[in-house]
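# Secondary and tertiary structure notes
So you can see what is in the structure, the chains are spelled out below.
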Amino acid sequence: MVDRIGFIGLGRMGKSMALNLRKAGFDLVVFDINKTAVTELADAGAAAGADVESLARQCSIIITMLPSSKEVEQIMLGEGGVLACAGAGTVVMDMSTIDPLATDKLHALAAAAGLSWVDAPVGRLAEHADRGESLIMVGASEDDFRRVKPLLDAMGTTIYHCGPVGTGGRTKLVNNYLAVSLCQINGEALALSQRFGLDITKTLQVLYGTSATNGQLRMNFPHKVLVGQNEPGFTIDLAHKDMSLVVNAAHASKVPMPVAAAVHESFSLARAADFGGQDFSCIADAICQLANIEKPRVPSNWSPD
């Protein structure tokens, strides 16, 4: 039997991922509260699901890509939720970044309902999702991993089976802790360079030529905040959410992470200053605004190479 795939959550990342599944020829049913996104997928050949219940009843693999634990639990639980309506043997693959304790709870509830659970959060940026070049971290049994692997290959180019259920999301938290913390450090360094009156392009050339180099500063910043581009690939709001997950998970595991707590509060300040919807590289702009420093900018035609 050929699996019919349900996809719930057609936001900035999810819509591109669903479109790539359609391009690969998968039989797809989609649902989102944003009807414009549903229409775009329907135009690409997907079926539009009327609601979560009807989607769950007709699909044997159900993918979710949602903003937080709250939304995942809302569509999973209750009389019309996925866990109540999906048929026995259905695989539910959550690709959201959520609290690992929520993953553990939903996995247990899914197993009690005769369903399989896979956690498969996505790495890299929205433009990578557009091109089907995401990195995906998967927590699943061996059998379930083999079953969803063709779908993962349609959405990403780098797939890691991290271990059993729960390991994908926990790997994502470790990854995002580094990514978001480095973003904060980059913002502070660039603000300091502007306070010193340094030429931003010369400063970057020095930083790129020493052990101070990091991927965020080299790949993301020159194409985003440093050219005045705040259109998000990954928002400050989402970075704050992920750092909340990191800090909460660290507290639950009794791991002291004072830098994580400080970065979390810095992003709280950025959200309070209305930067929440901007790309997370714009933490540099938020820090400069707090310090009353002119924002760092490079010429639009400048290249780090």
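Reading guide: rules and limits
Residues numbered from 1 in each chain as written. Predicted model: local features only at pLDDT ≥ 70, side-chain atom pairs only at ≥ 80, totals over all residues. Heavy atoms only, no water. Phe/Tyr/Trp six-rings, centres within 6.5 Å; stacked < 30°, edge-to-face > 60°. Helix = DSSP H or I, 4+ residues; strand = E, 2+ residues; numbered from the N terminus. Buried < 20%, exposed > 50% of the residue type's maximum accessible area, 1.4 Å probe, protein only. Pairing = 2+ DSSP bridges. Right-handed = clockwise from strand over helix to strand, strands pointing away. Salt bridge = Lys/Arg side-chain N within 4 Å of Asp/Glu carboxyl O. Lys, Arg positive; Asp, Glu negative; His and termini not counted. Contact = heavy atoms within 4.5 Å. Patch = residues over 30% accessible without salt bridge, like charges linked within 9 Å, V, L, I, M, F, W, Y side chains within 5 Å. Areas by Shrake-Rupley, 256 points an atom, 1.4 Å probe, with all protein chains shown as cover. Expected span 1.5 Å × (residues − 1). Arc of directions from axis to C-beta.

In total, this model carries two aromatic pairs according to the counting rule given. Aromatic side chains Tyr-208 and Trp-302 sit 6.5 Å apart centroid to centroid with 35° between the ring planes, which places their arrangement in the tilted category. With Tyr-208 in helix H10 (residues 200-208) and Trp-302 in the segment after helix H14 (283-291), this pair connects stretches of sequence that are 94 residues apart. Exposure remark for Tyr-208: the relative accessible area of 10% places this residue in the buried category.

The next thing to look at is unusual backbone geometry. Phi angles above zero are rare outside glycine, and Arg-124 is one such case at about 75°. Mapped onto the secondary structure, Arg-124 falls in the loop between strand E7 (122-123) and helix H7 (126-130). The exposure class assigned to Arg-124 is partly exposed, which follows from its relative accessible area of 40%. At Asp-274, a residue that is not glycine, the phi angle is positive and equals roughly 70°. Here Asp-274 is to be found in the loop between helix H13 (258-272) and H14.

Let's shift gears to the pairing of strand E6 (residues 116-119). For a regular strand, side-chain orientation follows a simple rule: the groups alternate between the two sheet faces. Summarising the sheet, strand E5 (residues 91-94) and E6 pair through four bridges and their orientation is parallel. In the sheet register, Val-91 faces E6, and the bridge partner there is Ser-116. Crossover connection from E5 via helix H6 (residues 100-112) to parallel E6: handedness right-handed.

The next subject is the pattern of salt bridges. This model, assessed by the stated rule, comprises 13 salt bridges. For Lys-241, the salt bridge is made with Asp-242, and the minimal N-O distance between the two is 3.0 Å. Classification of Lys-241 as buried rests on a relative accessible area of 19%. Looking at Asp-242, the relative accessible area reads 2%, which means it is buried.

This part is about the side chain of Asp-279. With respect to the helices and strands, the residue Asp-279 is situated in the loop between H13 and H14. One buried charge, Asp-279, has no salt-bridge partner; the nearest side chain with opposite charge is Lys-224, at 4.1 Å.

Let us look at the environment of Gly-132. You can see Gly-132 is positioned in the loop between H7 and strand E8 (134-139). The spatial distance from the C-alpha of Gly-132 to the C-alpha of Ala-18 is 9.9 Å, given a sequence separation of 114 residues. Contacts of Gly-132, omitting those with residues within four sequence positions, involve Asn-20, Ala-154, Met-155, Gly-156 and Thr-157.

What follows deals with a nonpolar patch on the surface. A grouping of Leu-192, Phe-196 and Leu-198 is seen on the molecular surface, where their side chains present a nonpolar patch of about 310 Å² in accessible area. Secondary-structure assignment places Leu-192 in helix H9 (residues 167-195).

Further remarks concern H6. Helix length check: H6, at 13 residues, gives a terminal C-alpha distance of 19 Å against a target of 18 Å (1.5 Å per residue), a fit within 8%. When we look at burial in H6, the residues that qualify are Pro-100, Ala-102, Thr-103, Leu-106 and Ala-110. For H6, the angular spread of the buried residues around the axis is 145°, confining them to a single face. Along H6, the residues that are exposed and aim more than 90 degrees away from the buried face are Leu-101 and Ala-112. Packed against the buried residues of H6 are helix H4 (69-76), helix H5 (82-85), E6, H9 and helix H12 (236-252). Positive backbone phi, approximately 80°, marks Gly-114, located one or two places after H6.

Everything listed here is a matter of coordinates, which is why it stays silent on function.
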